[in-house]
Amino acid sequence: MICIVDYGLGNTNSFLNAYNKLNINVKLTNKKRDLEQAKRIILPGVGSFDFGMFQLKQYDLDELLTDLVLNKKVPILGVCLGMQLMLSNSEEGQSRGLGWIKGESKSFPFDKNLCRPHMGWNNLSIFKSNKSFLKNITKDDYFYFLHSYYVNLTNEPYVEAQSFFGNNFCSILRKENIFGVQFHPEKSHNSGLVLLKNFYEMNI
Amino acid sequence: MIQPRIIPVLLLKNKGTYKTVNFKSPRYLGDPINMIKIFNEKLVDEIIILDIDATVNNTFIDDNYLKNLASQAQMPACYGGGINTLEKAKKVISAGFEKIAISSRALVDLPFLKELVRQFGAQSVVVVIDLKLSKGKYSIYTHNGKVLMKKDFLEVFDEVSKYAGEVVINSIDNDGKMAGYDLFLASLIESRALTPITFLGGASSLQDLKIITDFNNYAAAASSLFVFQGNLKAILPSYPNLKQRADFFIGDR
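What you see is a predicted model, and the numbers here were worked out from it, not measured in a lab.

Peer 1: Quick question: what am I supposed to make of helix α3 (residues 49-58) of chain A here?
Peer 2: Side chains of residues three or four places apart in an α-helix project in the same direction, reflecting 3.6 residues per turn. Turning to α3(A), its buried residues number three or more, namely F49(A), F51(A), G52(A), M53(A), Q55(A) and L56(A). Structurally, α3(A) contributes buried residues whose contacts are with β3 (40-43), α4 (61-71), α5 (81-85) and β5 (89-90) of chain A together with α6 (110-120) of chain B. Once α3(A) finishes, D60(A) follows within two positions and takes phi at roughly 55°, a positive value.

Peer 1: What am I meant to see in the side chain of T29(A) here?
Peer 2: Residue and element names in this part refer to chain A. Residue placement: T29 occurs in strand β2 (residues 26-29). There is a polar contact of 2.9 Å between the side chain of T29 and the backbone nitrogen of K31. Excluding anything up to four places from it in sequence, T29 contacts C3, I4, V5, D6, D34 and L35.

Peer 1: Would you mind showing me how to read the interface of chain B and chain A here?
Peer 2: Often, the extent of an interface is quoted as the loss of accessible area upon association of its parts. Taken together, the contacts link 43 residues of chain B with 39 residues of chain A. Of the roughly 3300 Å² buried between chain B and chain A, counting both surfaces, carbon and sulfur atoms make up 53%. At the boundary of chain B and chain A, one finds one salt bridge. With a closest N to O distance of 2.9 Å, E98(B) and K187(A) form a salt bridge. One can count 25 residue pairs in polar contact (both at pLDDT 80 or more) joining chain B with chain A. Those elements that place two or more of their residues in the side of chain B that touches chain A are α3 (63-71), α4 (86-95) and α6 of chain B. Top contributing element to the side of chain B that touches chain A by residue count: α4(B), with four residues.

Criteria and cut-off values
- Residues numbered from 1 in each chain as written.
- Chains lettered and ligands numbered in written order.
- Predicted model: local features only at pLDDT ≥ 70, side-chain atom pairs only at ≥ 80, totals over all residues.
- Heavy atoms only, no water.
- Buried < 20%, exposed > 50% of the residue type's maximum accessible area, 1.4 Å probe, protein only.
- Helix = DSSP H or I, 4+ residues; strand = E, 2+ residues; numbered from the N terminus.
- Contact = heavy atoms within 4.5 Å.
- Polar contact = N/O pair within 3.5 Å; in protein donor to acceptor, adjacent residues only side chain to side chain.
- Buried area = accessible area lost by both parts, 1.4 Å probe.
- Salt bridge = Lys/Arg side-chain N within 4 Å of Asp/Glu carboxyl O.

Spelled out as structure tokens, the structure:
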């Protein structure tokens, strides 16, 4: 069973729809007993950093998720804001992030030519391998990005893939059981479904 | 590389899809759920759904219907129509939409716009500006083209551009006429745009969609072009495929 974290933020139904399409058992929840049983966890996120952290704390999920992820090594996939919340902090807000991965979220520059936010279909310009999480994914796969802030990691080895918007930035991160994607696989047609399926089926 | 966006727009009225001309004479097109399903199968970049009666009638779509609409889209979807509280915005996002579109309310209530951005992030907040040309001057109209906004349109555009993640420029004069986009308006906006711009109103052919390559950070949105076929305007949803996009140099992927 895949659990989608319900913390009052995010296009949660999109994930339910996607996994239902894949015939994979999925549940939207914020209950401890559900998350503790989950084979995989997805942390969605459509919102701002401070509000995201505020909501996680409101539901007492920050400590629970940290324990499940860092101690019990439950595989977790952070999507968009969900990915950024896993970092130390963000330029978007004042709060501290979950701190599972050293790094911060930085703003794309305010540049007339670049015109933030990064909004649209883009591909992976550089990626390490097309095994396990990226099985069957190539440079011809496009994903939908929608963000004004990007992930800046302290440790390069955790950068699993990069995409280009003004500069190359980290579009997929991985640290053992912790995965993060900046784009929206739940809304990236077939390419996204392939990735969501890989996350569920891969050996971790 | 990021690809330019081509976006079908569906106008909602009483849970039906309609097409207008100059924001008038709505013509019934079909069931929205079905239309989104069809566009989804055509792998559209994203979709915009606007309830054109919501603000005027002070109504808001019910949760279940919202979820049903969103569930058909395996691509990003934007919903607008009568969003005048944070609660409504939240319902839209959790139903499965990635962006909320606001028009009437955002243009007159900047603190509300700022609050939406604070909670949902600029990337999810789209401001829609409906414009009419009169005596050589563009004016903003709210409430589905019924109420003239006295404030200077460029001043309002500059203000909302500081907060919203995307601005939709909708030409009431060109709406449903299928006589091309207002390119003068497109140039006027381009010079002062701070965000991606989505241009809507008048697209008549794939050729017109070239605004996405001719203008910096422009997305081409259209309603009539993607729902009508032929001179008699038969209802038949369509969308350029990859080959057509390549042929017309309109951003293939």
